[in-house]
Amino acid sequence: MKDFEVPVRDAEKVQQATERKSSQIMELLGMKGKLTQSGALPSPCSEDGSESGTLQAYHPWSVYGVPNEELTSAMGRLRERLPKNGWRIIKEGPDGTASKAPQIVADSTDKEFSADIRLSVEPAGSDKTSLIEVTVVSACFRKQK
Amino acid sequence: MDFTTLKSLKPSAYEDAAGGYQAAVAMASRTKDEIENGIAAALRGSLRGEAAEAALRELGQLRKNFHYIQIECGLVSTALRAFAADVLPAKRKLDAAVADAVARAFTVGPGGSVGYPAAGAEVDGRLPKGGAANGTTDETARAVNRQAAGFDPNPNLAYAQDCADRIASAIEEATAVDRKWAPHLRRLEADDDLTVSAADLADAADDMDNLRGAAASYLDDLKAPPKDATPEANAAWWHALTPEEQADYLALFPDRVGAMDGLPSDVRDEANRTVLDERRGRYQLELDAIPPEPADRLRALGPDVVAYSDEWLAWRDKYKDRKEHLEASLKGMDAIQARFDRTGSGLPEAYLLGFDPEANGDGRVILANGNPDTADHTAIYVPGTKSKLSRIGDGDTFGDLGRSERLWATSQSMAPDRRISTITWLDYDAPDDIPHATMSSYSDKGGPTLREFLDGNKTAHEYSTGSSAHTTVIGHSYGSTVVGVATRSGGMLDGSMADDIVVAGSPGMRVDRAADLGLRPGHVWAMGASWDDQVVRQGGRLVGLGDNLTIPTDESFGGNIVESDSTDHSGFWNRNSTSLRNQAAVVTENFEKVELE
């Protein structure tokens with residue numbers, strides 16, 4: 001979308017809407033676990049990352065602290081539920097990294113949000129914790145002054 | 001100040017009072033932190049709307065009030081301790097003289113005169129009579145008294161005169177100390193309105209300057225900071241001070257304490273916040289005092305010919321540059337304050353590790369998200385061309401400060417059970433534009449400064465936890481050149497400068513191979529920048545910012561080449577998100593999660 005076609009939005013409202021989408025994904029995962037505390041942050045959309053221009057809401061978070069099997073089945077549950085809950089799956093399968101993490105990329109059907117979900121299962125004895133990492137981003141907009 | 005006053009004066013009472021004010025400092029500091037990191041943060045994290053905004057404004061004012069209390073009580077505490085130390089020698093002198101008099105069965109009168117009994121060899125069957133000696137500090141009078149004592153058959157006179165003279169000296173010295181300190185203590189009386197204004201903060205800065213002069217001798221007795229100023233030496237010095245001494249240095253020299261690499265982060269933060277508030281007060285006052293720009297800028301010299309008016313030219317020559325500098329500095333200060341105000345809406349506590357609007361030409365600002373002294377993973381981000389204090393938090397996405405905040409959130413998400421700290425480091429004079437960026441002098445100066453900061457980081461972490469954090473240094477565009485020079489600046493500590501180095505949009509790092517950066521193999525990561533400055537990268541190559549024309553995204557450099565494109569994703573995922581994720585993977589030691597090209 002060209003810069004001049006980008007809509008003007010109330011940044012706070014977009015941030016809240018993005019956080020609501022994250023909450024929805026958490027519900028669709030259907031599990032209890034520890035959640036990172038975070039809010040959606042404004043992030044540049046434009047190529048030059050400059051201060052005048054378009055931005056989007058960017059919300060990275062993860063759920064962890066449960067056994068690997070629970071994480072894996074939650075990921076499967078999410079895959080099933082997303083298409084029935086206003087999301088379109090764009091891509092799924094191992095991501096392009098050495099870890100080959102199972103990944104789901106989805107866009108909301110109203111074309112306002114994208115989500116990137118990755119499952120990271122650590123072997124027993126690892127000092128890292130298994131988790132599901134979720135990043136929800138909003139469509140680009142211009143900030144309402 | 002007279003004999004009775006000095007006799008009953010207890011320097012320890014002043015030290016106790018200083019302790020009381022110090023307790024007030026601690027209380028105010030805790031409260032101000034609680035307001036920012038607790039109450040306001042929670043409010044921001046959960047409520048929105050006009051009422052919440054109004055409440056946050058009030059809280060901001062309250063925080064400022066407590067900070068002012070902290071600053072001023074710190075100065076009062078130091079002043080009282082310095083007064084007590086200054087008056088102690090006089091007090092001791094007086095007490096010793098009185099003790100000597102009493103030991104000889106003399107009496108000391110309320111004015112300090114010393115009465116002595118009859119004594120000596122009998123003359124005409126009578127003891128030489130006693131009397132009273134009045135002390136003096138005047139050398140001529142003393143000489144006369146000595147002569148008189150020489151003639152007097154009563155040996156007590158000489159002793160009594162000596163005691164009385166010592167008492168007189170003590171009172172004179174104490175009077176001088178009293179006269180020196182009374183005005184300073186009176187200055188520290190606060191006005192009685194509830195608003196802490198720019199004038200109040202500017203005043204606090206003046207109070208501090210005045211006290212530095214007055215307390216000079218007291219401070220000389222305190223152990224002075226080391227001259228060679230390595231982070232290790234600084235840390236050793238700080239940790240050897242008593243809590244009172246630390247409080248005194250913090251109160252009187254926040255600008256120096258805030259800039260000392262190796263000191264604990266919470267101490268540097270405390271110091272720099274004081275500098276921030278005081279400077280803002282001073283700069284705002286100065287700006288308010290500048291007369292408005294004359295409306296008539298031009299005058300006609302004839303038909304179709306105009307020139308600048310004399311009035312405008314005079315204003316320009318006197319004020320324009322200073323006004324721009326003040327406004328730019330205040331803008332940067334506002335950006336820093338705005339970051340403090342973002343704590344709680346998805347962001348951790350902020351630590352101002354460095355601040356000086358006058359440093360490096362364009363200002364210094366070093367700001368951490370999360371405490372680096374206790375972090376498991378620390379990232380230090382070095383911005384590139386055009387970076388300056390006034391722009392540090394510019395725009396809807398908060399500029400360079402915002403980048404570090406997003407990196408923090410992404411890293412925390414990737415390593416939820418670890419403590420993360422991301423630092424924006426601007427402590428070098430960044431070139432203003434690409435042509436200037438081709439000059440290596442900027443990085444030649446910036447590199448060693450960065451190295452010292454990183455060494456200081458390590459030192460502070462060691463003192464705090466006994467171990468070190470995994471450290472990643474991230475250089476964007478010209479910042480990466482500074483990073484390259486830093487790796488080759490003599491570090492005070494053994495070992496490599498960092499565990500991992502990430503460079504984005506690098507025009508060259510002044511080395512031609514990753515191995516020359518001194519890191520373990522496989523720990524140098526290079527990516528093109530989201531803002532795709534091929535011009536910078538290739539331009540840097542051509543003017544030799546990379547040795548042998550090699551820049552880090554060349555395969556021959558030997559670093560990991562990290563994916564920067566986002567085509568493999570969906571609509572709104574962009575290069576920024578890809579780059580953030582890859583940087584976070586390195587920062588959190590999740591190397592298998594990095595997308596390589």
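Each remark here, short or long, concerns the structure printed above.
Below is a summary of the structure that appears in this document.

Scoring rules and cut-offs
Residues numbered from 1 in each chain as written. Chains lettered and ligands numbered in written order. Predicted model: local features only at pLDDT ≥ 70, side-chain atom pairs only at ≥ 80, totals over all residues. Heavy atoms only, no water. Buried < 20%, exposed > 50% of the residue type's maximum accessible area, 1.4 Å probe, protein only. Helix = DSSP H or I, 4+ residues; strand = E, 2+ residues; numbered from the N terminus. Pairing = 2+ DSSP bridges. Patch = residues over 30% accessible without salt bridge, like charges linked within 9 Å, V, L, I, M, F, W, Y side chains within 5 Å. Areas by Shrake-Rupley, 256 points an atom, 1.4 Å probe, with all protein chains shown as cover. Salt bridge = Lys/Arg side-chain N within 4 Å of Asp/Glu carboxyl O. Lys, Arg positive; Asp, Glu negative; His and termini not counted. Charge placed at Lys NZ, Arg CZ, Asp CG, Glu CD. Contact = heavy atoms within 4.5 Å. Buried area = accessible area lost by both parts, 1.4 Å probe. Phe/Tyr/Trp six-rings, centres within 6.5 Å; stacked < 30°, edge-to-face > 60°. Lys NZ or Arg CZ within 6 Å of the ring centre and 35° of its normal.

## Quick look at the pairing of strand β8 (residues 131-138) of chain A
Residue and element names in this part refer to chain A.
Phase 1: Of all 8 residues making up β8, 8 are buried, and the element is well covered by its neighbours.
Phase 2: Residue alternation in β8 divides its side chains into two sets, L131, E133, T135 and V137 and I132, V134, V136 and S138, and both sets are buried.
Phase 3: Across 8 bridges, the pairing between strand β7 (residues 113-120) and β8 is antiparallel. In the sheet register, D116 faces β8, and the bridge partner there is T135.

## A short note on a negative patch on the surface
Residues and elements named next belong to chain B.
Phase 1: A cluster of acidic residues, D191, D192, D193 and D203, forms a negative patch at the surface.
Phase 2: Along the chain, D203 falls in helix α6 (residues 198-214).
Phase 3: Classification of D203 by relative accessible area gives partly exposed; the value is 38%.

## As for the interface of chain B and chain A
Phase 1: The interface is formed by 42 residues belonging to chain B together with 50 residues belonging to chain A.
Phase 2: A combined buried area of about 3,800 Å² lies between chain B and chain A, and 50% of that area is made up of carbon and sulfur atoms.
Phase 3: Considering only the surface of chain B that becomes buried against chain A, R48, D396 and F572 of chain B emerge as the three largest contributors, covering 19% of it.
Phase 4: Between the two partners, chain B and chain A, sit 4 salt bridges.

## Notes on the packing of aromatic side chains
Residue and element names in this part refer to chain B.
Phase 1: Using the criterion set out here, one finds 9 aromatic pairs over all chains in the structure.
Phase 2: Relative to F591, the ring of W525 lies with its centre 5.5 Å away and its plane at 15 degrees, an arrangement referred to as stacked. One end of the pair, W525, is in strand β12 (residues 524-527); the other, F591, is in the segment after α18 (575-587), and 66 residues separate them in sequence.
Phase 3: Put simply, the rings of W237, W238, Y249 and F253 pair up and form one aromatic cluster.
Phase 4: Over the ring of Y159 we find R104, and its NZ or CZ is 3.6 Å from the ring centre.
Phase 5: A cation over an aromatic ring shows up here: R322 above the ring of Y283, its NZ or CZ 5.8 Å from the ring centre.

## So, the side chain of Q24 of chain A
Phase 1: One can find Q24 of chain A in helix α1 (residues 11-29).
Phase 2: If sequence neighbours within four positions are ignored, Q24 of chain A has contacts with N85 and W87 of chain A.

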